[in-house]
Structures are given as structure tokens and as C-alpha cells.
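Examining the three-dimensional arrangement
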Amino acid sequence: MSRSKIQIILVLASVSLVALLSAQLVWLTKAYSVEEKAFNHRVQVALTTVSDQLLATVGGSTSAQKPIKQIASNYYLAELNAPIDPAQAERLLQQELGRRNLQEAYEFGLYNSLDDTLMFGKYVPATQRKLATTPPAVVRHEEGQAPKLYNMAVVFPNKTSVILGEMEFWWYSTGALLLVVLFFAYTMFQILREKRLAELKTDFINNLTHELQTPITNIGLASEVLRKRPETLSPDRLSRYHDLIYSENERLRAQVERVLQMATMESRELVLKKETVDVHALLKETSQNLAPRLQQRAGQLRLNLQATQPLVHADSLHVANALYSLLDNAEKYSPQVPDIEITTQDVAQGILISVRDSGIGIKQEFQKFLFDKFYRVPTGNVHNVKGFGLGLSYVKAIMDAHHGHVTVESAEQQGTCFNLVLPN
Ligand SMILES: Nc1ncnc2c1ncn2[C@@H]1O[C@H](COP(=O)(O)OP(=O)(O)OP(=O)(O)O)[C@@H](O)[C@H]1O
Ligand SMILES: [Mg+2]
């Protein structure tokens, strides 16, 4: 799948998911308001019935002239202005609400209609209404006095949660939709990851083909000359051709070995042959291997070995390869005269080895990919410096296997420093 195709799919799918989510949100709010209206209606009817019955007992006007007011979303007021009996009001309310299947907790109060003071108040819990744990009622009216005129108020403190609880179906459908969104996001993430890996692998194969072709061509040309006209060649040229074939063959062997090594590392667990290794000795030896390349470019490598505990328990071959990989990079990615410094230091976890160069450096945005297999910092279509993008992933694998770690510090055009920590 091409990149633009993936982008189109991503955009279309995201747009449709956003549309679906918005539709769900609109339906959710509509469903809530319908449920709320139904709730209000049930409460209004129940309170009207209670008011009618109360007013009938005291012989006042009917509730038709005194409709139920909704003061707030969960607060209902019947302005009865009548000398009603609190006990009767409470009983009737309980009965009417129960009849309309309103089993939620509510607070019931009677207010003095003259000065709005609370004269009787009671909290009635949800379904356990009949339980003895009901809190005591607030009673302020004095027995035996002339009956006062009351207004009746009812509050449903948990109205919102009750309505939300009744919208069960909507929660299931919203949950299902969110699952679809999550699944989609995960799938897209995987596709993009696979796509990136596929691109890296294509680059790798192109690199590999190119890298293998050069020595094969050189060996082919040299052996062709040797085969056709060996007698016309001076001993000096003859030995030059032999040397060329030998060195190109060595290059080929080293490259094939590296690729095979990475391939086998992928298929099975890395087996380490641990022994006591002197990191300082290993560093001196490994930097010797780089010396010919540095000499050719008049470069320099400085060793600043300050650690007092250079002995570690490690696989010397793998650690040496990893160190060489860092030195190889430091030389490869220094377009000017290479200037490399290796430092060691004691740290709490073991020994810290830093390989610093003053080469091209690496932009911050690319640094997090460096240790991925096949990754090479993009430099447009042309890579002046050849490589497979395997070196640093190998370094990371080796450090992980030793329970150490590797980090990078770098600034573009200023140089790079790789820090390895190996436990003692
Ligand atoms: N010292 C460095 N300075 C600047 N860039 C670096 C340095 N080391 C690594 N890089 C960048 O990180 C990339 C990955 O490095 P890595 O060693 O894994 O692969 P490579 O050098 O390209 O190939 P290989 O090591 O397999 O031959 C390189 O392609 C390069 O872009
Ligand atoms: Mg490398």
C-alpha cells in the first residue's frame, strides 16, 4: 500500500469515526432530555395528585389554581398555602411516588408559606424507604397551636444519576462505539508500524545489494585479468591483484557475517559466553583495529581511561564488536578529519564508556529511532556513507543482554556521544 493511500484511508476513517461519535453524543443528549422530561412528568403528576388530596381534606381551592412549580432541575414546589397535616402529606407522597414507580431517594419539606421557613423536613432514602435507618424528621411546628399555612417542596438529590442509570442501552452502545474507535486506532498504529518496517527493509535490501555488488565486481575484474593474461603481468602487479582479491573477499565475508549474525540474533535468544573482561584492554585492542582507517584520513583517537574498576563480567567478543560498531560510526560519520575520544568512568551501576566524535551529529527528531533495526538517518535519496542500519541495533541488543544500557547525546553538525553502561 502506498503512503498516500494509507493517508487517505486514515483521514476517511477518522472523519467517519468523528461523525459517528458526534452522532452518538447528539443522541445521548436527546435521550437524556427525553428521560428527564418523562421523570418531570411523573413527579408533576404525583405531586398534583397529592396536592389535590391534601387540599380536598382541608377544603381549600383545588390545585388547578396552584400548579406545581419546578424551581430547579431536581426541586419541585407545590404552593398550597393550606393548613395541611405533615404526616398525611408524607404518607400520600410516598404512596403516589411509589405508584408511579419513582423509587429514588427524595427530600420532602413543608415550608411556612408566610416566611418560607422549614417547618417539617424528611429525607426518604431509595428502595429501603421502609427500613428503620431512615433519618429522623425535622419538626418545627408546635402542637396545639393554630394550624399554619404550608407549601410543600420535594427534592430528588440523585435525579441526574438516576436518569443516567435508566439509559442503560445508551451506555452499551456508547461503550461498543468506543471499542470500535480503540480497535481502529490500534489497527492504524500497527499498519503504520508495518509500513515503516517494510520501508526500512527495502532500503536495507537495496543497500545490501549495492554493498555486495562492489566487492563481487572487483573480484570478478581482478580474476578476469589473472585468468586471461597472467604471463604479461609483472610480479608487482600480480601481487596487487592477489591482494585486491583477498581484501575484497575479506570485505564480502565480513558483510555476510554481519547480516547473518543479525538474522540469527532475531531467530533465537542471544547466548553469551561470559568471562571476566578488562574493558580498558578491550578498548585499546578495538581502537587498534580502527587505526589504519584513521591513519588514512589523518584522524586521531584519544583514550581517556579514568575508571578504577575496569573489570566486568561479559562476553568479550560481543562487547568488542559493539564497541567497534560505535568507533566505526564515529569514523564513518565524520566528514572532516575524524577526532574521536573514548572515556571511561566509574558509575554506581558499573562502568561508563563514552565514545565521542565531532562529526555530522544527529538531529533530535531522529535520535529515538537510532537503535531500531535497519534504521538509517534519512539524508534524501543519496547516502554517501554506506551501511545497513544494523550497527546500533546490535549495540543495543548486546547491552540489553548484559543488563546494561546505551544512550546517545548529539547535536547536528557538532558531534555525537554514545554512552554505554556495563554492570561490573
Ligand atoms: N556517530 C554518529 N554520527 C552521526 N550519525 C550517526 C552516528 N552513529 C550512527 N549514526 C546514524 O545512525 C544510523 C544508524 O547507525 P547504525 O550503526 O545502526 O547503522 P549504519 O552505520 O548505517 O550501518 P551499519 O552499522 O549496519 O553498517 C546511521 O545510518 C547514521 O545515520
Ligand atoms: Mg554503523
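Residues numbered from 1 in each chain as written. Chains lettered and ligands numbered in written order. Predicted model: local features only at pLDDT ≥ 70, side-chain atom pairs only at ≥ 80, totals over all residues. Heavy atoms only, no water.

By the naming in an unreviewed UniProt entry, the protein chain is histidine kinase, taken from Nibribacter koreensis. In the Catalytic activity (unreviewed entry) part of its UniProt record, the protein chain is described as follows: "ATP + protein L-histidine = ADP + protein N-phospho-L-histidine." (UniProt positions renumbered as here; feature names shortened; annotations may be inferred.)

**A closer look at the overall build of the protein chain**
In terms of helices and strands, the protein chain carries nine helices and 13 strands. For the protein chain, the C-alpha radius of gyration of 42 Å lies well beyond 22 Å, the compact-globule estimate for 424 residues. For the protein chain, the spread of C-alpha atoms along the three principal axes comes to 140 × 55 × 40 Å. In the protein chain, 71% of the contacts between residues at least 6 apart in sequence involve partners at least 24 apart. Put simply, the protein chain shows about 24600 Å² of open surface, and 58% of that area lies on carbon and sulfur atoms. When the 43 basic and 43 acidic side-chain charges of the protein chain are each reduced to a single mean position, those positions are 5 Å apart. (Helix = DSSP H or I, 4+ residues; strand = E, 2+ residues; numbered from the N terminus. Rg over C-alpha atoms; globule rule 2.2 N^0.38 Å. Contact = heavy atoms within 4.5 Å. Areas by Shrake-Rupley, 256 points an atom, 1.4 Å probe, with all protein chains shown as cover. Lys, Arg positive; Asp, Glu negative; His and termini not counted. Charge placed at Lys NZ, Arg CZ, Asp CG, Glu CD.)

**Quick word on the domain arrangement of the protein chain**
Looking at the assigned domains, one finds that the protein chain contains domain 1 (7-166), domain 2 (170-267) and domain 3 (275-423). Of the residues lining the interface, 12 residues belong to domain 1; the matching set on domain 2 comes to 10 residues. Surface buried jointly by domain 1 and domain 2 totals about 1100 Å² across both partners, of which 86% is contributed by carbon and sulfur atoms. It is L17, Q24 and L28 that lose the most area in domain 1 upon contact with domain 2, and together they represent 42% of the buried surface on that side. (Domains from an automatic or database assignment. Buried area = accessible area lost by both parts, 1.4 Å probe.)

**A short note on the pairing of strand β11 (residues 350-357)**
Counting buried positions over the eight residues of β11 gives seven, a clear majority of the element. As paired strands, strand β10 (residues 339-347) and β11 are joined by seven bridges and run antiparallel to one another. Residue pairing for β11: E341 is matched across the bridge by R356. Counting the residues that bridge the hairpin from β10 to β11 gives two residues. Of the strand pairs in this sheet, β11 and strand β13 (residues 415-423) are connected by eight bridges, and their pairing is antiparallel. Its bridge partner lying in β13, I353 is registered against L420. (Buried < 20%, exposed > 50% of the residue type's maximum accessible area, 1.4 Å probe, protein only. Pairing = 2+ DSSP bridges.)

**Some remarks on the UniProt feature "transmembrane region" (unreviewed entry) in the protein chain**
Under the local residue numbering, the UniProt record ascribes the feature "transmembrane region" (unreviewed entry) to residues 169-189. Annotated as residues 169-189, this span is 100% helix and 0% strand, and its ends, taken at the C-alpha atoms, are 30 Å apart.

**Thoughts on the environment of T344**
One can find T344 in strand β10. Spatially, the C-alpha atom of T344 lies 84 Å from that of M152, the residues being 192 residues apart in sequence. Not counting residues within four places of it along the chain, the set of residues in contact with T344 comprises H280, L283, N304, L305, Q306, A307, I351, L352 and I353. A polar atom in the side chain of T344 sits 2.8 Å from the side chain of H280. (Polar contact = N/O pair within 3.5 Å; in protein donor to acceptor, adjacent residues only side chain to side chain.)

**Quick word on the site of ligand 1**
Near ligand 1 there are 20 residues, and of these R258, N329, R376, L390 and L392 occur at the shortest range. Taking R258, its side chain carries an N or O atom lying 2.5 Å from an oxygen atom of ligand 1. At 2.8 Å from an oxygen atom of ligand 1 is found a side-chain nitrogen or oxygen belonging to N329. In the complex, 97% of the free accessible area of ligand 1, which totals 590 Å², lies under the protein chains. The set of elements that each furnish at least two residues to the shell around ligand 1 consists of α7 (316-332), α9 (391-401) and β13. By residue class, the composition of the shell around ligand 1 is 10 nonpolar, six polar and four charged. (Near = heavy atom within 4 Å. Nonpolar A, V, L, I, M, F, W, Y, C, P; charged D, E, K, R; others polar.)

**Considerations on the side chain of E248**
Secondary-structure assignment places E248 in helix α5 (residues 235-267). With a relative accessible area of 7%, E248 lands in the buried category. In contact with E248, not counting residues within four places along its chain, are T214, P215, N218 and I219.

**Side note on the nonpolar core**
A general tendency of soluble globular proteins is for nonpolar side chains to be buried together. I353, L370, V395, F418 and L420 are the most contacted members of the largest nonpolar core, which has 45 residues in total. In terms of residues, this core owes the most to one element, α7, which gives seven residues. Among the domains, domain 2 (170-267) and domain 3 (275-423) are the pair contributing at least three residues each to this core. Look past the residues within four positions of L420 in its chain and what remains in contact with it is L323, L326, I351, L352, I353, V395, M399, H405 and V406. Counting 33 residues, the second-largest nonpolar core is a separate cluster that includes L54, A78, Y106 and F156. (Core = buried A, V, L, I, M, F, W, Y, C linked by side-chain atoms within 4.5 Å.)

**Notes on helix α1 (residues 3-58)**
Counted at 1.5 Å a residue, the expected span for α1 with its 56 residues is 82 Å, and the 82 Å between its end C-alpha atoms agrees. Where α1 terminates, the next one or two residues include G59, which has phi positive at roughly 70 degrees. (Expected span 1.5 Å × (residues − 1).)

**What to know about helix α2 (residues 86-99)**
Here α2 contains 14 residues, and its C-alpha end-to-end distance of 20 Å stays within 8% of the 20 Å for a straight helix at 1.5 Å per residue. Those residues of α2 lying buried are P86, Q88, A89, E90, L92, L93, E96 and L97. Downstream of α2 by one or two residues, N101 has phi in the positive range, about 60 degrees.

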